[in-house]
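Working through the structure, step by step
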Amino acid sequence: QTGDKSLYATQSFYNDKLGRRIAISWVQDPHPLNTSWQCHETLSYEQTIKATADGSYLLYSYPVKELENNRINPVYHAEDLTVGENTANILGDTNLLIGDIEAEITLGEDTKEVGFTVRSNGTNYFKVYYDVEKGQLVVDKTQSGTAYVGEYGNPTMPMSVLDGNKIKFRIVIDNGVLEFFGND
């Protein structure tokens, strides 16, 4: 991940009953809602190291499986949905304070980018998308309000297209924190 300086003080442990490396970090809050605290915690991540196509290794972090136990009232569900450049936002006016979005997307021949706009109030929003040409996941915070742009930048992450010309997104929304993941 590049361009995001908001994570710090990561702690990890390797003694859970499934033998996983679990990590949690603090996230600086660039726009504190209360002067008595200045940060949040991330989700708990399972961390793994995987070899890449060029033989190098990358650290992967993905929410622990137990997070799925919190899914109780789906706001939206769709399968085999075709969307294009002029398709209305499939999430409509949904402005989640807490949510978990998962999507598996098959890229079309002419797709340049595909993604989601979240936390939109009509003026401000976050845009998370896959840039096909650059092969990266991008979190565009330029329209999210001045507090989120500044020194924190727009994080990017290398992301390859999966078999079948597919990509996967996961966006976890938890009040003051948005966490974005690409593929598995």
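Notes on the structure in this doc start here. (Residues numbered from 1 in each chain as written. Predicted model: local features only at pLDDT ≥ 70, side-chain atom pairs only at ≥ 80, totals over all residues. Heavy atoms only, no water.)

Phi at aspartate 80 takes a positive value of approximately 55°, unusual for a residue other than glycine. In this structure, asparagine 165 is a non-glycine residue whose phi angle is positive, near 60°. Relative to the helices and strands, asparagine 165 resides in the loop between β10 (156–158) and β11 (166–174). Classification of asparagine 165 as partly exposed rests on a relative accessible area of 36%. (Helix = DSSP H or I, 4+ residues; strand = E, 2+ residues; numbered from the N terminus. Buried < 20%, exposed > 50% of the residue type's maximum accessible area, 1.4 Å probe, protein only.)

Okay, the environment of glutamate 109 next. Note on placement: glutamate 109 falls in the loop between β6 (98–106) and β7 (113–118). In this structure the C-alpha to C-alpha distance between glutamate 109 and asparagine 165, which are 56 residues apart in sequence, comes to 9.4 Å.

Counting residues in each nonpolar core, the largest one holds 20 residues, and the members touching the most others are Phe116, Val118, Val128, Ile167, Phe169 and Ile171. At 4 residues, the largest contribution of residues to this core is made by β11. If sequence neighbours within four positions are ignored, valine 128 has contacts with Val114, Gly115, Phe116, Leu137, Val138, Val139, Phe169, Ile171 and Phe180. Counting residues in hydrophobic clusters, the runner-up holds 6 residues, among them Leu43, Tyr45, Val172 and Phe181. (Core = buried A, V, L, I, M, F, W, Y, C linked by side-chain atoms within 4.5 Å. Contact = heavy atoms within 4.5 Å.)

This part is about the sheet that holds β7. Read across the sheet, 4 strands follow the order β7-β8-β9-β10 without closing on themselves; strand pairing throughout is antiparallel. Among the strands making up the open sheet, the edge pair consists of β7 and β10. Across the sheet, the mean angle from the axis of one strand to that of its neighbour is 15°, orientation sign disregarded. As judged from the 6 bridges shared by β7 and strand β8 (residues 126–131), these two strands associate in the antiparallel manner. Bridge pairing links valine 118 to phenylalanine 126 in β8. (Pairing = 2+ DSSP bridges. Axes fitted to C-alpha atoms, helices over the stretch in contact; angles between N-to-C directions.)

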